[in-house]
Amino acid sequence: MDVNGVVAEGFEPVRDAFAANFEVRGDRGAAVTVYRHGHRVVDLWAGTKDVDGTAPWEQDTAQIVRSATKGVAAAVLLLLAQRGELDLEAPVGEYWPEYKTAGKEHTRVWHLLAHRAGVPVLDHPLTPAQAADPVLSATVVAAQAPVWEPGTDHGYHAQTYSWLTGELVRRVTGRSIGEWIADEIAGPVGADLWVGLPSDEESRVGRVAQVEAAPSDAHALRVRPKRSVSEAYANPDSLTRRAFGAITPMPDENDPAYRAAELPASNGIATADGLARFYASLIGELDGGTGLFEPETIELARTERSSGPDRVLVITTRFGLGYMLHGSASPLLSEGSFGHPGRGGALGFADPESGIAFGYVTNGFRKSVTADPRAQALVRAVKASLPQPE
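A brief structural summary. Within any chain, residue numbers begin from 1 and follow the written order of that chain's sequence. Only residues with pLDDT of 70 or above have their local features reported here, since the model is predicted, and side-chain atom pairs are shown and tallied only from 80 upward, although totals for entire chains, interfaces and linings are computed over all residues. Water and hydrogen atoms play no part in the side-chain values, which are based on all heavy atoms of the structure.

## Some words on the nonpolar core
Among soluble globular proteins, nonpolar side chains are generally buried collectively.
Right, so step 1: Counting residues in hydrophobic clusters, the biggest one holds 85 residues, and the most contacted among them are Leu 282, Tyr 323 and Phe 338.
Right, so step 2: A run of DSSP states H or I qualifies as a helix once it reaches four residues; a run of E qualifies as a strand once it reaches two. Both are numbered from the N-terminal end. By residue number, the principal contributor to this core is helix H2 (residues 69–82), which donates nine residues.
Right, so step 3: What makes a nonpolar core is a set of buried Ala, Val, Leu, Ile, Met, Phe, Trp, Tyr and Cys residues whose side-chain atoms join them at distances within 4.5 Å. Only protein chains enter the accessibility calculation, which uses a 1.4 Å probe; a residue whose area is less than 20% of its type maximum is buried, one above 50% is exposed, and one in between is partly exposed. Of all hydrophobic cores here, the second largest spans 25 residues; its members include Phe 18, Ile 356, Tyr 360 and Leu 386.

What follows is the structure, encoded as structure tokens:
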């Protein structure tokens with residue numbers, strides 16, 4: 001496999017790990033970008049643009065990143081709080097009066113970000129077309145009764161996170177969350193990422209599909225889910241299946257109509273550089289500019305708000321405000337890292353202490369939910385490339 005791009009001196013292990021993802025871990029087309037202290041130190045791509053095609057992956061090829069979108073959406077709410085436009089401790093109903101029903105009256109804004117809102121499922125799932133309708137979807141989630149008292153427990157809001165965060169942003173700003181991201185984040189920092197793909201960018205986006213682990217990937221063969229996890233995904237009545245099935249049937253992720261929708265839980269489109277550049281912009285100067293997050297906001301993002309058995313994922317998870325934190329479910333670079341994986345592949349995160357910002361995107365999704373072996377191999381290589389403490 002020909003690997004294209006560049007790595008700065010000292011980051012050669014990342015190139016080696018990236019090549020190995022194709023040689024032994026079954027990658028079809030992918031890219032990885034790493035920034036350190038606001039400067040790009042890794043920018044690599046290889047394979048085909050489409051998972052089932054022959055056209056080469058180009059430097060500006062973008063892909064859907066699934067739940068890695070959640071980290072971008074979280075930044076919107078945190079930036080609104082930083083600007084004084086949103087109170088994270090306030091009841092959601094203060095901004096969205098229709099939400100004050102069915103036992104959700106005391107849900108606070110931060111509960112949405114920390115997956116403590118108690119509404120990871122819908123009694124009546126939405127079709128892909130209904131899910132893309134912001135008025136309908138907001139009405140449905142506002143009427144939904146919680147499955148636990150908001151704030152008392154946590155469970156991954158796999159799909160409902162879209163309508164919870166999207167509607168809150170619309171109520172506070174008068175803009176859709178995709179418009180806000182384009183105007184206030186992606187545009188100003190020069191990041192190729194979108195929630196709601198413009199039609200004139202469609203040609204850059206590759207086709208994605210589910211792929212099996214390569215037989216030669218010994219690490220993947222050793223990783224088997226616990227029986228409780230397998231049973232949760234197999235049981236149609238479990239919170240796990242119902243949370244991921246809040247949109248039924250599963251959307252066609254290659255459909256331009258789905259890509260054009262604004263679903264900040266699941267359908268963001270990004271290049272690896274766009275994802276890494278976004279995280280670099282949060283934690284410090286980027287190519288001479290000023291970081292988007294103030295130091296206090298960085299601490300809000302990565303201060304643990306939920307930890308322990310996740311009622312949806314049925315594993316131990318750790319969340320700050322909108323971000324997964326370093327842990328067994330999603331190993332990142334260090335205890336201070338914060339970011340978000342996308343189910344089956346993509347990963348973006350920042351590590352303020354080392355100045356690292358990381359983005360990995362792929363067109364081949366695996367069965368992994370929070371810790372894909374390909375992304376993890378790259379994270380280990382980044383760690384090996386950094387100066388080691390004496």
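## Thoughts on helix H12 (residues 272–283)
Right, so step 1: Here the expected length of a helix is defined as 1.5 Å per residue gap, with one fewer gap than residues. If you check H12, its first and last C-alpha atoms are 17 Å apart, about what 12 residues at 1.5 Å a residue would give, namely 16 Å.
Right, so step 2: Counting buried positions along H12 yields 12 of 12 residues, so the element is predominantly enclosed.
Right, so step 3: Along H12, the residues that are buried comprise Ala 272, Asp 273, Gly 274, Leu 275, Ala 276, Arg 277, Phe 278, Tyr 279, Ala 280, Ser 281, Leu 282 and Ile 283.

## Topic: the sheet that holds strand S7 (residues 269–270)
Right, so step 1: Whether two strands pair comes down to DSSP finding at least two bridges between them. Read from one edge to the other, the open sheet built from three strands follows the order S4-S7-S5, with strand pairing classed as antiparallel. Single-partner strands in this sheet number two, and they are strand S4 (63–64) and strand S5 (193–194).
Right, so step 2: Summarising the sheet, S5 and S7 pair through two bridges and their orientation is antiparallel. Looking at the pairing, Trp 194 lines up with Ile 269 of S7.

## Some points on the packing of H2 against helix H6 (residues 161–173)
Right, so step 1: Comment: axis = line fitted to C-alpha atoms, over the contacting stretch for helices; angle = value between 0 and 180 degrees taken between N-to-C directions. Between H2 and H6, the shortest axis-to-axis distance is 11 Å and the interhelical angle comes to 30°. Overall, the two elements H2 and H6 adopt an arrangement that is roughly parallel. Of the two elements, H2 crosses H6, and the hand of that crossing is left-handed. Where H2 abuts H6, its residues Lys 70, Ala 73, Ala 74, Val 76, Leu 77 and Leu 80 lie against Tyr 161, Thr 165, Leu 168, Val 169, Val 172 and Thr 173.
Right, so step 2: In terms of residue class, the contact of H2 with H6 is built from nine nonpolar, two polar and one charged. Angles below 35 degrees are treated as roughly parallel, those above 145 as roughly antiparallel, those between 65 and 115 as roughly perpendicular, and all remaining angles as oblique. Note: crossing handedness is left-handed where the near helix turns anticlockwise from the far helix by less than a right angle, and right-handed where it turns clockwise. Should any heavy atoms of two residues lie within 4.5 Å, those residues are considered in contact. Each residue is assigned to one class: nonpolar for Ala, Val, Leu, Ile, Met, Phe, Trp, Tyr, Cys and Pro, charged for Asp, Glu, Lys and Arg, and polar for all the others, Gly among them.

## A few points about the packing of helix H5 (residues 134–143) against H6
Packed helices, taken two at a time, are described by their axes: the angle between them and the distance between them.
Right, so step 1: Where H5 contacts H6, the axes come no closer than 9 Å and their chain directions differ by 110°. Here H5 lies roughly perpendicular to H6, going by the angle between them. Only Trp 163, Leu 164 and Glu 167 of H6 make contact with H5, whose side of the interface consists of Pro 134, Ser 137, Ala 138 and Val 141.
Right, so step 2: Split into classes, the residues belonging to the contact of H5 with H6 amount to five nonpolar, one polar and one charged.

## Points about the pattern of salt bridges
Right, so step 1: We define a salt bridge as a contact between a side-chain nitrogen of Lys or Arg and a carboxyl oxygen of Asp or Glu at a distance within 4 Å. Tallying each qualifying case throughout the model produces 21 salt bridges.
Right, so step 2: Here Glu 335 makes a salt bridge to Arg 318, at a shortest N to O gap of 3.8 Å. Note that Glu 335 is positioned in the loop between strand S10 (324–325) and strand S11 (338–341) and Arg 318 in strand S9 (residues 316–319), a separation of 17 residues in sequence.
Right, so step 3: A cluster of three or more residues bridged by salt bridges with shared partners is formed by Asp 60, Asp 192, Glu 201 and Arg 204.

## Topic: the packing of aromatic side chains
Within a pair of aromatic rings, the relevant descriptors are the distance that separates the centres and the angle that separates the planes.
Right, so step 1: Each Phe, Tyr or Trp ring (for Trp, its six-membered ring) is paired with any other whose centre lies within 6.5 Å, and the angle between the two planes then decides the class: stacked below 30 degrees, edge-to-face above 60, tilted in between. Evaluated as defined, the whole model comprises 10 aromatic pairs.
Right, so step 2: For the pair Tyr 279 and Tyr 323, a centre-to-centre distance of 6.3 Å together with 70° between the ring planes defines the contact as edge-to-face. Of this pair, Tyr 279 sits in helix H12 while Tyr 323 sits in the loop between S9 and S10, and the two are 44 residues apart along the sequence.
Right, so step 3: Owing to a relative accessible area of 1%, Tyr 279 belongs among the buried residues under this scheme.
Right, so step 4: Judged by its relative accessible area of 0%, Tyr 323 is buried.
Right, so step 5: With a centroid separation of 6.3 Å and 65° between ring planes, the pair formed by Tyr 279 and Phe 338 is classed as edge-to-face. Taken together, the positions of Tyr 279 in helix H12 and Phe 338 in strand S11 put the pair 59 residues apart, joining distant regions of the chain.
Right, so step 6: Relative accessible area serves as the criterion here: at 0%, Phe 338 is assigned to the buried category.
Right, so step 7: Here a set of aromatic residues connected by ring pairs shows up, and it is made of Tyr 156, Tyr 233, Phe 244 and Phe 319.
Right, so step 8: Charge-over-ring placement is defined geometrically: NZ (Lys) or CZ (Arg) within 6 Å of the ring centre, and within 35 degrees of the ring normal. Across the ring face of Phe 365, the terminal group of Arg 66 is positioned such that the distance to the ring centre comes to 3.8 Å.

Geometric descriptors of this kind do not, in isolation, establish any biological role.
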